[in-house]
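Overview (structure and organization)
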Amino acid sequence: MSKSYAEQFYYLMKLGRVFELRAKEEYMKGNIGGFLHLAIGEEAVHVGAVLGFGKGDIFVHYREHVYALARGMEPKYVMAELFGKITGVSKGKGGSMHLYDPKFNFYGGNAIVGAHLPHAVGAAYARKYTGDTTGVLASFGDGATNSGNFFEAINMAATWQVPVIFLCENNYYAIGTRVDRASPFADLYKKAKDYMPAVQIDGMDVFEVFETVKKAKEYVETEGKPYFIEALTYRYEPHSMSDTGDYRSPRELKIAKDKDPIENLKKKGLEKGLLTQEYIKFVDDKVQQIVEEAVEFALNSPEPPLEELYNDVFCEVCIDVIS
Amino acid sequence: MLYREALNKAMDEMMEKDPSVVILGEDVGFYGGNYKVTEGLYAKYGRKRVIDTPIAENSIVGTAIGMAIGGLRPIAEIMTVNFSLLAMDQIVNQLAKIRYMSGGKIVLPVVIRMPQGVAKQLAAQHSQSLERFFASVPGLRVFVASDATTAYYGLKYAITTDDPVIFLEHTLLYPEKMEIEEEKNFSPYRARIKKEGEGITIVSYLKMLHDTLKVVPIIEKELNTTCEVIDLCSINPLDISTIANSVKKTKRLVVITEEPKTGSYANEIINKVLEEVFYELDAPPLKIGSEDVPTPYNRTLELASIPTPEKIASLIIKWGRKHGI
Ligand SMILES: Cc1ncc(C[n+]2csc(CCOP(=O)(O)OP(=O)(O)O)c2C)c(N)n1
Ligand SMILES: [Mg+2]
């Protein structure tokens, strides 16, 4: 593992954390509305996956801010989307759950659990069709593995032999339902293991996530077949801002927080000489500044003009045939 | 009492009375329901009767059908109507048709409860009103619960009837304070005259009904007339006689729904009224609904996309003036 990777991990994970804590604050102030799903605690999965994956199309569910940031989408444009401003990545029309940017091969942000999994399979098919062997990354929660879309997608990916990495973030809960209350077993990689290589990893360890996803990427691209990763992780915050999260015990939360992925990285990075105190301090200050600027930018950006309501419904603007 | 508590009370009483009544859905049990509608029922009736399901809408409805075949009376909660789209095969191809295809031998007393509508900035995939789809399927009863009274009596009726019922609620009504008004002979198939009037018949339901009632005084003052406001408790079947009788008196019809205007259920109401009383009308019917766009996240655009009390008032006043009220 190189020093530069460790530094990137730290930078992006810390950026994600500070960005989301700030988003939470802005939500309470009323500057952000709707559903806001935070990934605090899950940064190692999101950052490790994006960096390990590298080039290619990414499809994620609604808990996707950190994926977007790790992918290189600018914090100010992401924050502006959360604020519903015209400068946001989706012009303020999508909000927190719907960040899209084809420039970054980033296709959402989907608010229907499991719905993006077939999209990933189709995208991989299309790439293959045009002679492109680049793999596709689809990330989703434990709850999504109970949906028909999930089973249909893994079956088709394996049958069609397309290069998709299915990355399941098992944070043990689908809103208030613990994983073992909605599934006969809690080791979710088992759901895919007869279809494709399937592994379970520690999602609180960014090195492990990175290495696993990187290996999976090589596999899907050389073999042209799908791969399944279950990353065990935890969300420190409630499901969304409108959930209390009181179905989890303080003890359980504490155990998870003791494995904090950022602290974990700091410790390992310092031990192995991959990170320095100076770099950490530098990043901590830097991301604060970036996030402040992002909030400023979002606050000062204009609202979408009213005509935007009717734009983007279709590509082709039809003349009104009646009048 | 809150609107959602009226729904809870209906289910509680039916479960107490009839052991074959069960509830199933995502987070309905241990968690108490995403909108707290089933709160307390898990503790009271246990997990055998208040069943937490995986995220699997098609199979929530599918297993409810199987449960009904097996002699139970399931109430399936779909967390929001948006996710019912994943269950459309079970709802449309199965639930609506099995009784007919079996020559009436199989009955499916299934209730599917779900909230719909624009809440606040939940964006396009979480803000839909879909009654048009359900109301157009032969074999489904479709109820809309606009207040605590129709929520309570309507849901009890839905659980009791042997027909499948799609039971639509509105997300924003759940925390609203209202009381159940006692009714001796409640029928969901009778439309309800919420307010009598002479000059304009306004038909609506769910949240739009409340938004309309708020501005009726303004409309009446501006147009110097009175409005008769009708709440539909069932949209399939539709109580056309109550509406037609009102229109015969007022000579004018306004229909307000939250669905996007093109293809909305308001069209069905207007069409049926026209068939009955076309020659009695003094003005073309006015349809008020959402813009034909997916619901945007931005709050200003979101409000611009749906009927609001202010818009309802101004549209009706403008229409009234144009047509000589
Ligand atoms: C098809 C569908 N059903 C239900 C919901 C409501 N819902 C939103 S998130 C969620 C839980 C998903 O849990 P999981 O897949 O584990 O992802 P996590 O939120 O933990 O990241 C549910 C049930 C939805 N959005 N889509
Ligand atoms: Mg989860």
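Residues numbered from 1 in each chain as written. Chains lettered and ligands numbered in written order. Predicted model: local features only at pLDDT ≥ 70, side-chain atom pairs only at ≥ 80, totals over all residues. Heavy atoms only, no water.

Attention now goes to a nonpolar patch on the surface. All names here are of chain A. A cluster of nonpolar residues, Tyr125, Tyr129, Met156 and Trp160, forms a patch on the protein surface that exposes about 470 Å² of accessible area. Elements supplying a minimum of two residues to the nonpolar patch: helix H5 (116-129) and helix H6 (148-160). Residue methionine 156 is classed as partly exposed on the basis of its relative accessible area, which comes to 35%. (Patch = residues over 30% accessible without salt bridge, like charges linked within 9 Å, V, L, I, M, F, W, Y side chains within 5 Å. Areas by Shrake-Rupley, 256 points an atom, 1.4 Å probe, with all protein chains shown as cover. Salt bridge = Lys/Arg side-chain N within 4 Å of Asp/Glu carboxyl O. Helix = DSSP H or I, 4+ residues; strand = E, 2+ residues; numbered from the N terminus. Buried < 20%, exposed > 50% of the residue type's maximum accessible area, 1.4 Å probe, protein only.)

Evaluation of the coordinates by the stated rule reveals 45 salt bridges over all chains. In this structure, Arg127(A) engages Asp57(A) in a salt bridge whose closest nitrogen and oxygen atoms are separated by 2.8 Å. Taken together, the residues span a long stretch of sequence, with Arg127(A) in helix H5 and Asp57(A) in strand S1 (residues 57-61) at a distance of 70 residues. A relative accessible area of 28% places Arg127(A) in the partly exposed class. Residue Asp57(A) is classed as buried on the basis of its relative accessible area, which comes to 4%. With its nearest N and O atoms 2.8 Å apart, the salt bridge here joins Asp211(B) to Lys207(B). With Asp211(B) and Lys207(B) both in helix H8 (residues 206-223), this residue pair falls four residues apart, about one helical turn. In this structure, Asp211(B) and Lys207(B) share a single accessibility class: buried. Each of the salt bridges in this network shares a partner with another, and the network as a whole consists of Arg22(A), Glu25(A), Glu26(A), Lys29(A) and Glu292(A).

Quick look at the site of ligand 1 now. Close contacts around ligand 1 come from 22 residues, with Tyr62(A), Arg63(A), Ala111(A), Gly143(A) and Glu57(B) the closest. Chains contributing residues near ligand 1 are chains A and B. In this structure, a nitrogen atom belonging to ligand 1 sits 2.8 Å away from a main-chain N or O atom of Ala111(A). Val113(A) places a main-chain nitrogen or oxygen 3.0 Å from a nitrogen atom of ligand 1. When ligand 1 sits alone it has 590 Å² of accessible area, and the protein chains cover 97% of it. Grouping the amino acids of the shell around ligand 1 by side-chain chemistry returns 12 nonpolar, six polar and four charged. (Near = heavy atom within 4 Å. Polar contact = N/O pair within 3.5 Å; in protein donor to acceptor, adjacent residues only side chain to side chain. Nonpolar A, V, L, I, M, F, W, Y, C, P; charged D, E, K, R; others polar.)

Looking now at the nonpolar core. Core analysis: the largest hydrophobic core is formed by 161 residues, its most contacted members being Met79(A), Phe134(B), Leu232(B) and Ile243(B). Here this core spans two domains, since at least three of its residues come from each of domain 1 (3-173) and domain 2 (194-322) of chain B. Ignoring any residue separated from it by four or fewer positions in sequence, one finds Ile243(B) in contact with Val203(B), Ile230(B), Leu232(B), Leu238(B), Leu253(B), Ile269(B) and Val273(B). If you look at the next biggest cluster of nonpolar residues, it comprises 24 residues, including Val136(A), Phe140(A), Cys168(A) and Leu188(A). (Core = buried A, V, L, I, M, F, W, Y, C linked by side-chain atoms within 4.5 Å. Domains from an automatic or database assignment. Contact = heavy atoms within 4.5 Å.)

A few words now on the coordination of the magnesium ion (ligand 2). A metal bound by six donors in octahedral fashion has ideal angles of 90 or 180 degrees, whereas one bound by four tetrahedral donors has an ideal angle of 109.5 degrees. All names here are of chain A. Surrounding the magnesium ion (ligand 2) are the protein donor atoms Asp142 (OD), Asn171 (OD1) and Tyr173 (O), which sit 2.0 to 2.1 Å from the metal. The sequence pattern formed by the donor residues of the magnesium ion (ligand 2) is D-x28-N-x1-Y. With a gap of 31 residues between them, aspartate 142 in the loop between strand S4 (136-141) and H6 and tyrosine 173 in strand S6 (residues 173-174) connect regions that are remote in the sequence. Judged by its relative accessible area of 3%, aspartate 142 falls in the buried class. (Donors = N, O, S within 2.8 Å, 3.2 Å for Na, K, Ca; no water.)

In this section: the interface of chain B and chain A. Accessible area lost upon the coming together of the parts is a frequently used measure of interface size. Of the residues lining the interface, 30 residues belong to chain B; the matching set on chain A comes to 39 residues. Taken over both partners, the interface formed by chain B and chain A buries close to 2700 Å², and the fraction arising from carbon and sulfur atoms is 63%. Of all residues in chain B, Ile55(B), Tyr297(B) and Leu301(B) give up the largest surface area on contact with chain A, accounting jointly for 25% of the area buried on that side. At the boundary of chain B with chain A, the tally comes to one salt bridge. Asp52(B) is paired through a salt bridge with Arg181(A); the nearest N and O atoms lie 2.9 Å apart. Among the elements that take part in the side of chain B that touches chain A, helix H11 (residues 299-305) of chain B stands out by supplying four residues, more than any other. Per-class residue counts for the side of chain B that touches chain A are 17 nonpolar, eight polar and five charged. (Buried area = accessible area lost by both parts, 1.4 Å probe.)

This part covers helix H4 (residues 88-95) of chain B. Among all positions of H4(B), only Met88(B), Gln90(B), Ile91(B) and Leu95(B) are buried. Residues of H4(B) that are buried in the fold lie against helix H3 (57-69), helix H5 (98-101), strand S4 (111-116), helix H6 (131-135) and strand S6 (165-170) of chain B.

With that settled, the discussion passes to the packing of H5(A) against H6(A). All names here are of chain A. Following both chains from N to C, one finds H5 and H6 inclined at 20°, their axes separated by 8 Å at the closest point. The angle between H5 and H6 falls in the class roughly parallel. As H5 runs across H6, the sense of the crossing is left-handed. Contacts between H5 and H6 pair Leu117, Pro118, Val121, Tyr125 and Lys128 from the former with Asn149, Phe150, Ala153, Met156, Ala157 and Trp160 from the latter. Class assignment of the residues belonging to the contact of H5 with H6 gives a composition of nine nonpolar, one polar and one charged. (Axes fitted to C-alpha atoms, helices over the stretch in contact; angles between N-to-C directions. Parallel < 35°, antiparallel > 145°, perpendicular 65-115°, else oblique. Left-handed = near helix turned anticlockwise from the far one by under 90°.)

All names here are of chain B. Domain boundaries in chain B define domain 1 (3-173) and domain 2 (194-322). When each unit is reduced to the centre of its C-alpha atoms, the spacing between domain 1 and domain 2 is 27 Å. Each partner contributes residues to the interface: domain 1 has 31 residues there, and domain 2 has 28 residues. Summed over both partners, the interface of domain 1 with domain 2 comes to about 2400 Å²; 57% of that surface belongs to carbon and sulfur atoms. Three residues stand out in domain 1 for area buried against domain 2, namely Gln121, Arg132 and Val144, and they jointly supply 27% of the buried area on that side. Taken together, the links from domain 1 to domain 2 amount to two salt bridges. Across the salt bridge formed by glutamate 259 and arginine 132, the nearest N and O atoms sit 2.9 Å from each other. Here domain 1 and domain 2 share 18 residue pairs in polar contact (both at pLDDT 80 or more) between them.

Here we come to the sheet that holds S4(A). Residue and element names in this part refer to chain A. Sheet architecture is open: seven strands sit in the order S2-S3-S1-S4-S5-S9-S8, paired in mixed fashion. Edge positions in the sheet fall to strand S2 (100-101) and strand S8 (198-202), since each has one partner strand and no second. For S4 and strand S5 (residues 164-170), the ladder comprises six bridges, and the chain directions are parallel. Each bridged residue has a counterpart across the sheet, and for leucine 137 the counterpart in S5 is isoleucine 165. (Pairing = 2+ DSSP bridges.)

Moving on, we get to the pairing of S5(A). Every other side chain in a regular strand lies on the same face of the sheet, so the side chains alternate between the two faces. In terms of residue burial, S5(A) counts as a mostly covered element, since seven of its seven residues are buried. Handedness of the crossover joining S4(A) and S5(A) through H6(A): right-handed. (Right-handed = clockwise from strand over helix to strand, strands pointing away.)

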